[in-house]
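Understanding the architecture of this molecule
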Amino acid sequence: MTALAAAHDCKLSSRELALLCQKAENLVVGAPCGVMDQLTSSLGDAGQLLALLCQPAEVQGSTPIPPQLRFWGIDSGIRHSNGGSDYSSVRVGTFMGLKLINEAAQRLQRTSSSVHDSSSSSSSSHPGGSSVAAVLPAAGSLRRTAAPTKEQQGAGLGGSSSGRASIDRARSMCAFGGYLANISPSQYREAFEGQLPSHMQGSEFLDVHGAHLDSVTSIEPSFNYALREPTSHPIHENFRVNSFRALLAAAEALGDAATVAVDGGGGEAAQRKCQLESSIPRVEVLNCAAAAAAAGRGGGCGAA
C-alpha cells in the first residue's frame, strides 16, 4: 500500500494507510479482519506497546515497556488465517451476540423505566432492579433502530458504500456504542451472559432477529454458529488488556522510584517506592484470561 501511494503521489498519514490496508483486506481479499495489525505495523515503535481503541480506529498513544520485562513469542504450530471460514464464523457469532445484547439492553431499559415509575416500596421488591440500574448508565440512551435488511446487508457485502454506511449507522446507535468491549465483565455476567445461547443456527437467528450488524460478513442459514464464547471474548479481553496496561504503568513508576533510591535518593525515595508498591492494581485477571482463551482465535476483532 505504501508503494502504491508513492507511485500515485498520494500523501497518506500512517492511520490512513492502515485503514486503507484494512479496507483492501475486507473488500478485495475477502478477509473480515479488524484494524489492529495494520495500525500496529504503521504506527508501532520499538520498546513501546501501542494503545488502540478500535472503535473504529482510535490511537491512544504508546505505553513504554519497563526495561525489566521481556516478551517472548511462541510458535504454536497452528495455522491461522483471517480469510478462512473458521475465522469468519467466529466473527459472525460475535456480531450475533452483539445484536442479542442490544435487544436485551433495550428490554432492561423498559423494565428499569417501569420500576422507576413504581413506588419505592414496590421497586425494592424487584430483585433485579439494582442490576438494571447498574447496567444502563454504561449503555447510554438506547434508541430503537431498524436493523439492516437482508438487501442492505447484501449491498454492504457487495461493496456498496451506502449499504455499509447503513449497517455501520445502525450499529453505532446500539447499546454500549455498538462495541462489546464497552461492557464490563461484571455487567456481562450479571445482565447478559445467561441470555445468550451457546450456539445458534443461522436460519433461526435470521428468522427471529433479522440480519446482524456487520458490514463485511453475512449469516449462512445452514451454519450452526458458536455464539456465547465469541461474544464474551472482547469483553474479557478488553478488561485484561486495560489491567495489564495499568500494571505496566505502575511497574514503570516503581522502577523509577527504585532507581532513585538506589542512586542515593534517601528515605523519601524509599518511602515513595513503598507507596507505589501498595498502589499497584491487584486485579484478578485469571478468569478473564481463561475466558478469552476459551473464546479462541480472536473472535472479537470487529465487535470489540
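Nothing here was measured: the structure is a model prediction, and the numbers come from that model.

**Let's talk about the overall build of the protein**
Helices and strands together make up the secondary structure of the protein, namely twelve helices and four strands. Sequence-distant contacts in the protein: of pairs separated by 6 or more residues, those separated by 24 or more amount to 68%. When the accessible area of the protein is evaluated, it comes to approximately 16600 Å², of which 54% is carbon and sulfur surface.

**A short note on the nonpolar core**
Buried together is how nonpolar side chains tend to be arranged in soluble globular proteins. Ranked by internal contacts, the top residues of the largest apolar core, which has 27 residues, are Met 96, Ile 101, Ile 183, Tyr 188, Phe 192 and Ile 219. Among the elements of the structure, helix H4 (85–117), helix H9 (185–192) and helix H10 (202–209) are those that each provide at least two residues to this core. Broken down by element, the residue count for this core peaks at nine residues, all from H4. When near neighbours in sequence (up to four residues on either side) are disregarded, Tyr 188 contacts Ile 101, Ile 183, Glu 193, Leu 196, Arg 228, Thr 231, Ser 232, Ile 235 and His 236.

**Quick notes on the confidence of the model for the protein**
Of the residues in the protein, 66% reach a pLDDT of 70 or more, and the chain-wide mean stands at 77. Counted against residues more than four places away or in other chains, residues 123–129, with its pLDDT under 50, gives two contacts.

**Describing the packing of aromatic side chains**
According to the stated counting rule, one finds three aromatic pairs in the structure shown. Relative to Phe 244, the ring of Phe 71 has its centre 6.2 Å away and its plane inclined at 80°; by these criteria the two rings are edge-to-face. A residue pair is termed long-range when its members are at least 10 positions apart, and Phe 71 in the loop between strand S2 (58–64) and H4 and Phe 244 in helix H11 (residues 228–279) qualify at 173 residues. What makes Phe 71 partly exposed here is its relative accessible area of 45%. Accessibility expressed as a relative area gives 36% for Phe 244, which makes it partly exposed. Centre to centre, the rings of Phe 223 and Tyr 225 are 4.7 Å apart; their planes meet at 50°, and the pair counts as tilted. We classify Phe 223 as partly exposed; its relative accessible area is 38%. The ring of Tyr 179 has Arg 171 sitting right over it, with the charged end atom 4.1 Å from the ring centre.

**Thoughts on the packing of helix H2 (residues 14–29) against helix H3 (residues 36–43)**
At a closest axis distance of 8 Å, the pairing of H2 and H3 adopts a crossing angle of 145°. Taken as a pair, H2 and H3 cross one another with a handedness that is right-handed. Across the interface between the two elements, Ser 14, Arg 15, Ala 18, Cys 21, Gln 22 and Glu 25 of H2 pack against Gln 38, Leu 39, Ser 42 and Leu 43 of H3. Counted by class, the contact of H2 with H3 contains four nonpolar, four polar and two charged residues.

**Some remarks on a nonpolar patch on the surface**
A surface patch of nonpolar side chains, about 320 Å² in accessible area, is lined by Met 1, Leu 4, Leu 12 and Leu 20. Along the chain, Leu 12 falls in the loop between helix H1 (2–7) and H2.

**Quick notes on the pattern of salt bridges**
By the definition in use, this model includes three salt bridges. Asp 214 serves as the salt-bridge partner of Arg 91, at 2.8 Å between the closest nitrogen and oxygen. Residue Arg 91 is located in helix H4, and its partner Asp 214 is located in the loop between H10 and strand S4 (224–226); the two are separated by 123 residues in the primary sequence. When sorted by exposure, Arg 91 lands in the same class as Asp 214, which is buried.

**Let's talk about unusual backbone geometry**
The amide bond that connects Gln 55 to the next residue, Pro 56, takes the cis arrangement and shows omega of 5°. One can find Pro 56 in the loop between strand S1 (48–53) and S2. Its identity as a non-glycine residue notwithstanding, Asp 9 has a phi of 55°, on the positive side. For Asp 9, a relative accessible area of 58% gives the class exposed.

**Regarding H10**
Of the positions making up H10, those classed as buried are Gly 202, Phe 205, Leu 206 and His 209. Here the buried residues of H10 occupy an arc of 100° about the axis, which is enough to place them on one side. Every exposed residue of H10 that faces more than 90 degrees away from the buried side is listed here: Asp 207 and Val 208. Count one or two residues on from H10 and you reach Gly 210, which has phi positive near 80°.

**Overview of the pairing of S2**
Here S1 runs beside S2; their pairing, made up of five bridges, is antiparallel. In the sheet register, Leu 53 faces S2, and the bridge partner there is Glu 58. Between S1 and S2, which pair antiparallel in sequence order, lie four residues.

Calculation rules
Residues numbered from 1 in each chain as written. Predicted model: local features only at pLDDT ≥ 70, side-chain atom pairs only at ≥ 80, totals over all residues. Heavy atoms only, no water. Helix = DSSP H or I, 4+ residues; strand = E, 2+ residues; numbered from the N terminus. Contact = heavy atoms within 4.5 Å. Areas by Shrake-Rupley, 256 points an atom, 1.4 Å probe, with all protein chains shown as cover. Core = buried A, V, L, I, M, F, W, Y, C linked by side-chain atoms within 4.5 Å. Buried < 20%, exposed > 50% of the residue type's maximum accessible area, 1.4 Å probe, protein only. pLDDT = per-residue confidence, 0-100. Phe/Tyr/Trp six-rings, centres within 6.5 Å; stacked < 30°, edge-to-face > 60°. Lys NZ or Arg CZ within 6 Å of the ring centre and 35° of its normal. Axes fitted to C-alpha atoms, helices over the stretch in contact; angles between N-to-C directions. Left-handed = near helix turned anticlockwise from the far one by under 90°. Nonpolar A, V, L, I, M, F, W, Y, C, P; charged D, E, K, R; others polar. Patch = residues over 30% accessible without salt bridge, like charges linked within 9 Å, V, L, I, M, F, W, Y side chains within 5 Å. Salt bridge = Lys/Arg side-chain N within 4 Å of Asp/Glu carboxyl O. Arc of directions from axis to C-beta. Pairing = 2+ DSSP bridges.

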